Amino acid sequence: MMAAILLFLMISILSANCTVTQTIPSVISYLSENDKIRFKNVINPGLNLQDPITTYYSVYGYKLLQETIPDKEKICNYLSKSVGNGNDVVPETAFYVISMWKIIDTCQDLPIPAITKVLMNTIEKDTSTFAELYFAINTLTLLSQKLTTEKSEKLAKTLQVALRKDDSLWNLGYTFHIASDLGPAGTFAFDRIEDAIIQADEVNGKFLQFEGGLSITSFLVNGIFKLSSSLKKTPPLTSSQIVKLTNYLLSRRSVQTPKGVVSLLSALNTLAVNKDETLVCITLPEEGVVVSSKQPLVIIKVCDIFGKPLPTVPTVIANFAKKVEDNTVIINKETLQSSTADKLISLFSNFLLLNRTLFTMDFMKAKPDRGFYKISVSAASVTSTIKIKVLSEVVVDYLEVGTGDADQTTQPKLARVTYPEKLSHKIEADSQQKLVVRFLLKDSANKKSMRVHQAFIRLSSAFITNTYNDNEITFVSEPDNAHVYKFDMPLAVAAVNFGYRSGDYNIDLIVGDAVLSNSFEWTIATVNLKFPDAVVTESNEKNVFFKQKADIYATRPEIKHMFREPEKRPPAFVSNLFTGLCLAPAFLLIILWAKLGVNISNFPLSISAVTFHLGLGGIFLLFGIFWLKLNMFVTLRYLLGLGVVTFLAGNKLLSNIAHKHKLSH
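Note that the structure is predicted; figures quoted are calculated from it, not measured.

Visitor: Looking at this model, I keep getting lost on unusual backbone geometry. Mind explaining?
Guide: Glycine aside, residues mostly have negative phi angles, and peptide bonds mostly take the trans form. Cis geometry marks the peptide bond from Tyr 419 to Pro 420; its omega dihedral reads 5 degrees. With respect to the helices and strands, the residue Pro 420 is situated in the loop between β14 (413-416) and β15 (427-429). Although it is not a glycine, Lys 232 sits at a positive phi angle of roughly 55 degrees. Counting through the fold element by element, Lys 232 comes out in the loop between α12 (214-231) and α13 (239-251). On the accessibility criterion, Lys 232 (78% relative accessible area) is exposed.

Visitor: What exactly am I supposed to notice about the layout of surface pockets here?
Guide: Remark: the empty space left among the atoms is shown by a probe the size of a water molecule rolled over them. Estimates place the volume of the largest pocket at around 1200 Å³. Taken together, 43 residues make up the lining of the largest pocket; nearest its centre are Tyr 60, Tyr 134, His 177, Asn 222 and Lys 226. Where the lining of the largest pocket is concerned, the elements lending two or more residues are α3 (52-64), α5 (91-104), α7 (130-142), α9 (169-179), α12 and α14 (258-272). Ranked by residue count, the leading element in the lining of the largest pocket is α12, at 9 residues. Here the lining of the largest pocket is built from residues that sort into 16 nonpolar, 17 polar and 10 charged. Looking at the second largest pocket, it is lined by 23 residues, and the ones nearest its centre are Lys 36, Gln 66, Asn 269, Phe 306 and Lys 308. Looking at the lining of the second largest pocket, the elements that each hand over two or more residues are α2 (33-43) and α14. Considering every element that reaches the lining of the second largest pocket, the biggest residue donor is α2, with 5 residues.

Visitor: Just checking my understanding: could you explain empty space enclosed by the protein for this structure?
Guide: Going through the model one piece at a time under the given rule, you end up with 1 cavity of 30 Å³ or more. As a volume, the largest cavity reaches approximately 30 Å³. Split by residue class, the lining of the largest cavity holds 7 nonpolar, 2 polar and 1 charged.

Visitor: Is there a simple way to explain α9 in this structure?
Guide: Every α-helix carries 3.6 residues per turn, so stepping three or four residues along brings you back to the same face. Counting buried residues along α9, 10 of its 11 residues qualify, which places the element largely inside the surrounding structure. The set of residues buried in α9 consists of Leu 169, Asn 171, Leu 172, Gly 173, Tyr 174, Thr 175, Phe 176, His 177, Ile 178 and Ala 179.

Visitor: I tried to follow the sheet that holds strand β6 (residues 297-303) on my own but got confused; where do I start?
Guide: Sheet strands pair via backbone hydrogen bonds, and the direction of the pair is either parallel or antiparallel. Reading across from one edge, β4-β6-β10-β9 is the order of the 4 strands in this open sheet, with antiparallel pairing throughout. Every interior strand has two partners, whereas the edge strands, β4 (281-283) and β9 (337-338), have only one. For β4 and β6, the ladder comprises 3 bridges, and the chain directions are antiparallel. The residue bridging Cys 281 from the neighbouring strand is Cys 303, located in β6.

Visitor: How do you make sense of α7 when you look at a structure like this?
Guide: Its 13 residues give α7 an end-to-end C-alpha distance of 18 Å, which sits within 8% of 18 Å, the value for a rise of 1.5 Å per residue. Tucked inside the fold, the buried residues of α7 contact α5, α6 (112-124), α8 (149-165), α9 and α12. Just beyond α7, the residue with positive phi is Ser 144, at close to 60 degrees.

Visitor: Where do I start with the pairing of strand β8 (residues 329-335) in this structure?
Guide: On a regular strand, each side chain points to the face opposite its neighbour's, so the side chains alternate between the two faces of the sheet. Note: strand β7 (residues 317-323) against β8, 5 bridges, orientation antiparallel. The residue of β8 that forms the bridge with Phe 320 is Asn 332.

Visitor: Whenever I open this one, the side chain of Ser 58 confuses me. Can you help?
Guide: If you trace the backbone, Ser 58 turns up in helix α3. Sequence-distant contacts of Ser 58, defined by excluding residues within four places in its chain, comprise Ile 43, Gly 46, Leu 47 and Pro 258.

Visitor: Would you mind showing me how to read the sheet that holds strand β13 (residues 394-405) here?
Guide: If you walk across this open sheet you meet the 5 strands as β14-β13-β16-β20-β19, and the pairing is antiparallel. The two strands at the open ends of the sheet, each matched to only one other strand, are β14 and β19 (478-479). Pairing of β13 with β14, which is carried by 4 bridges, proceeds in the antiparallel orientation. Bridge pairing in β14 places Gly 402 opposite Leu 414.

Visitor: Would you take a moment to explain the environment of Ile 242 for this structure?
Guide: Position of Ile 242 among the secondary structure elements: in helix α13. A residue is classified by how much of its surface remains accessible, and Ile 242, at 5% relative accessible area, is buried. As a C-alpha pair, Ile 242 and Phe 207 span 35 residues in sequence and 9.7 Å in three-dimensional space. In this structure Ile 242 touches Phe 225, Leu 237, Leu 271, Asn 274, Glu 277 and Leu 279, once residues within four positions along its chain are discounted.

Visitor: Would you take a moment to explain the state of the cysteines for this structure?
Guide: Where two cysteines share a covalent bond between their sulfur atoms, that bond is called a disulfide. Across all of its chains, the model carries 1 disulfide by this definition. Paired through a disulfide, Cys 76 and Cys 107 show a sulfur-sulfur distance of 1.9 Å. Classification of the bridge connecting Cys 76 and Cys 107 rests on its S-S torsion, roughly -70 degrees, and on that basis the disulfide is left-handed. With Cys 76 in helix α4 (residues 72-83) and Cys 107 in the loop between α5 and α6, this pair connects stretches of sequence that are 31 residues apart. The same class applies to Cys 76 as to Cys 107, namely buried. Considering cysteine sulfurs only, Cys 303 is the nearest to Cys 281, which forms no disulfide, with 4.7 Å between them.

Conventions and cut-offs
Numbers given to residues run from 1 along each chain, matching the order in which its sequence is written. Under the rules for a predicted model, residues below a pLDDT of 70 receive no local features and side-chain atom pairs below 80 are neither given nor counted, while totals for whole chains, interfaces and linings still include all residues. Heavy atoms from the whole structure form the basis of all side-chain values; hydrogens and water molecules are not counted. Put simply, DSSP H or I for four residues or longer makes a helix, DSSP E for two residues or longer makes a strand, and each gets a number counted from the N terminus. When accessible area is computed with a 1.4 Å probe and restricted to protein chains, residues below 20% of their type maximum are described as buried, those above 50% as exposed, and intermediate ones as partly exposed. Only protein atoms enter the calculation, which uses a 1 Å grid: trapped sets of points that fit a 1.4 Å probe without letting it out are cavities, open sets showing protein on both sides within 12 Å along at least five of seven lines are pockets, and any residue with an atom within 4 Å of a point is a lining residue. Grid points are joined across faces, edges and corners, and a volume is the space filled by probe spheres set on the points. Any residue outside Ala, Val, Leu, Ile, Met, Phe, Trp, Tyr, Cys, Pro, Asp, Glu, Lys and Arg is labelled polar, Gly included; the first ten of those are nonpolar and the last four are charged. A pair of strands is treated as paired once DSSP finds two or more bridges between them. Multiplying 1.5 Å by the helix residue count minus one yields the expected span of that helix. Whether two residues are in contact is decided by their heavy atoms: any pair within 4.5 Å suffices. Our working definition of a disulfide is a cysteine sulfur pair at a distance within 2.5 Å.

Dropping the structure here:
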């Protein structure tokens, strides 16, 4: 019996340990009032009544924004003009016009029977596209005209056959919308929802979208939830997928067209009214990002995707708060309280305490060090991780400034200065000395020494003139292991940085950091620097503290193109000898002709013979000119003309010679 009890306890413990509570992430943001104002400005131009499509998106946008539609009578007249007698209207135009007619609800009657006939013909045609069927069915639904069971079943079969040929995302979306109006006959489309969802692309683990962007994503979301609602089924989407789809839609708040505004708002409205999943946004308002001793509260906003309060006031809990740098946990399981300011707003708005969206927590109560922290916040069954910045105040524990020997034979003579005062007397420093500054910074909260990202010593001329108005140099001060900042500047070495311009200079300390609430600039003292004569040597040129950058806006020397110098030519004797060797075969040919005897009398005196020999000579002459002067392209152009003439003349000449030879035999 005891063994059975022990076995039962072990199984219970293991089961408890194996239970994992799945946390649902919150959406990343919400639509603010500024977003809605911008949306209204985007859709306003569509009311110019240029075409039914743009006008529809503007009118529907006003409805989604819950704003009063202006110039209703003018729009109604435009709708009546757009459909005419209704016989020639196409399904798409009918859909836009009837949708606006129903939204305004005060327009004069339209030729509904004629429009209905056109829509019915579209449904009955076998060649109608998905888009045409979508507009026809939706328009009939707006007119409260349902299809018969027989027609619904026939249309369902037609859609299934068409999907086998082309089941693109747009066609699937059209099918979901159409099937939602077919009643039980549209059940087949519900099984295709997963086929569409599997094609969605996930981005950075936070967003889920369909290829094609906002329009197709919105169209599919509306179709999926509309079909699921008509069939009274839960959409086959996980909570994580719904949140990621919402994140993508919210990330497209910068849309610039009326169609984009309607696509965004319609899909968000569809997701917001989904009974199976309550979308919650946990985020930081602007005033809650930075925390300090003066503003110790972390402010969390918990709302729906339109920035409105949730139906019931949630319990908001900070699960933990960790420092980003080292993951040190400083807060664990703390409940946030409703903001006092939010309560006052709620009371004046007559929503009592149900209109609460802001919750606060005294973060400085945990005495956090300065830096960045991440806080895991849970509310209404969702969790979000937010990041805040904790600022601290820096105090100057001490600062000493003075001079010392450049060769460090004696200890520097330093005077202590108290922040924010300035040293009462002027410091004198010559070329044999160095300027010395020592200071220590501490955190005002815990009095610990600290380092900052920026600690600069700036030396600027006390008397700025037009000649030397750029005489200002900033040096970086480096801390040692004890966090004491030190700055040493030998005047002999640094003189080249100042252009050897002696005189009075102000010494300023500049302290800054991303996590400081009181970064400051403090004039410590005035020092008279006496630089040596302007003699620049190689040694001090290498050891300069800071090299002035050249003026990048100064006029640069003119760039002149340098052609390559021609190569050295051979002597004239060599060139002439080579030319003679090249012409030797021609001379040899003439000598041999003279010796053998050339039968000039047998030369045929005809146009073809003369033309051929002149053309042949011209070609050789052209080659010679090419070698001396012409380029290849000009030579080819001339050669084309000479070659054609020479070819035709030579062909004629050879024909005549052959003919004479034949007659002689």
